[in-house]
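Architecture at a glance
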Amino acid sequence: MTEYLAVDGGTIAYEVAGSGPLIVLAHGMGDSRAAYRAVMPPLVAAGYRVAAVDLRGCGESGVDWPAWSRTAIAGDLLAVIRHLGGPALLVGHSISGGAATIAAAREPSLITAVVELAPFTRKQSIRLGDLRVKRFRRGMLRLLGSGAFGSPPLWRSYLDVAYPGVKPADWTERLGRIGSLLREPGRMKAMQGMGRSAPTDAGAQLGNVRCPVLVVMGTLDPDWADPHAEGSAIVDALPSGLGRLEMIEGAGHYPHDQFPDQVVSLMLAFLRSDVARA
């Protein structure tokens, strides 16, 4: 059941299931909490209370917001965690991976640990050699085009590249739902605003994080020419010993949707080892 929370003059939608320690799931731009539809049930079955959140401007959340930055998104996520009686393990994908970093640095008492899935957490730069990587070139052109023109078909074209190989069983329905949402008034504007927001605010906070961090990258993620190098750079920017990187072979930019069982296994192992020792 969808619940709503008034935050910063807008409305954030979320759903909660289960009982136990709190896990909060935040999706990437142009998406909704449905991205975690295959992740939420096994986490609940493992004994956790799990909340999946629609970011501002996305899903069932309101569209009238003054900002689309990672810092703004972090504030929304912290508000949800406070409302649900945290602390929480905060899971963020893509733009919300950077937001999770900011949230952990700003309010360490509310964040027990962070999982960043294919996160945009650092300032990005493209080298000439990167364009020789076909999947990166194809993904970047579609990503930039969908943002520049506000085009749902171009975004769908990007998703075809971002999900290499394995597709979810409900792929057709998922694409249809994403397309329908982006055609709602204000939804594409929200995605464009997030796309224009630089991750410098998140990168500046990496050194201030004090909780364990798990970074999960797909080996075929088209958003980076070298996903392993990007994940390693995030871990290296964290305080020594706090972060670790896991790669999922064959995954693109949505490892939690392509390989939910592997992502859940990594999360549970992280909770039982790194987080338990913290």
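What counts and how
Residues numbered from 1 in each chain as written. Predicted model: local features only at pLDDT ≥ 70, side-chain atom pairs only at ≥ 80, totals over all residues. Heavy atoms only, no water. Patch = residues over 30% accessible without salt bridge, like charges linked within 9 Å, V, L, I, M, F, W, Y side chains within 5 Å. Areas by Shrake-Rupley, 256 points an atom, 1.4 Å probe, with all protein chains shown as cover. Salt bridge = Lys/Arg side-chain N within 4 Å of Asp/Glu carboxyl O. Helix = DSSP H or I, 4+ residues; strand = E, 2+ residues; numbered from the N terminus. Buried < 20%, exposed > 50% of the residue type's maximum accessible area, 1.4 Å probe, protein only. Axes fitted to C-alpha atoms, helices over the stretch in contact; angles between N-to-C directions. Parallel < 35°, antiparallel > 145°, perpendicular 65-115°, else oblique. Left-handed = near helix turned anticlockwise from the far one by under 90°. Contact = heavy atoms within 4.5 Å. Phe/Tyr/Trp six-rings, centres within 6.5 Å; stacked < 30°, edge-to-face > 60°. Lys NZ or Arg CZ within 6 Å of the ring centre and 35° of its normal.

**A few points about a nonpolar patch on the surface**
- Among the surface-exposed residues, Ile126, Leu128 and Leu131 lie close enough to one another that they form a single nonpolar patch of about 310 Å² accessible area.
- Take Ile126: it is sitting in the loop between β6 (111-117) and α4 (134-149).
- Its relative accessible area of 51% is what places Ile126 among the exposed residues.

**Things to note about the packing of α4 against helix α5 (residues 152-162)**
- In contact at an axis separation of 8 Å, α4 and α5 are set at 160° when each is read in the N-to-C sense. Relative to α5, the element α4 lies roughly antiparallel. In terms of crossing hand, the pair formed by α4 and α5 is left-handed. Between α4, through Arg135, Arg138, Gly139, Arg142, Leu143, Gly145, Ser146 and Phe149, and α5, the contact on the second element is made entirely by Leu154, Trp155, Ser157, Tyr158 and Val161.

**Comments concerning the packing of aromatic side chains**
- Per the stated rule, a full pass over the model turns up four aromatic pairs.
- When the centroid spacing of 4.4 Å and the interplanar angle of 55° are considered together, the rings of Tyr163 and Trp171 count as tilted.
- When its relative accessible area of 13% is taken as the criterion, Trp171 is described as buried.
- Among the aromatic side chains, those forming a connected cluster through ring pairs are Tyr163, Trp171 and Tyr254.
- When the ring centre of Trp171 is taken as origin, the NZ or CZ atom of Lys167, which lies over that ring, is 5.7 Å away.

**Quick look at the pattern of salt bridges**
- One pass over the structure, following the stated rule, counts 14 salt bridges.
- One salt bridge in this structure joins Glu230 and Arg122, with 2.9 Å as the shortest N-O distance. Of this pair, Glu230 sits in helix α9 (residues 227-237) while Arg122 sits in the loop between β6 and α4, and the two are 108 residues apart along the sequence.
- When its relative accessible area of 6% is taken as the criterion, Glu230 is described as buried.
- Classification of Arg122 by relative accessible area gives partly exposed; the value is 26%.
- With a closest N to O distance of 3.1 Å, Glu184 and Arg187 form a salt bridge.
- Taken together, the salt bridges that share partners define one network made up of Asp31, Arg37, Asp170, Arg174 and Asp257.

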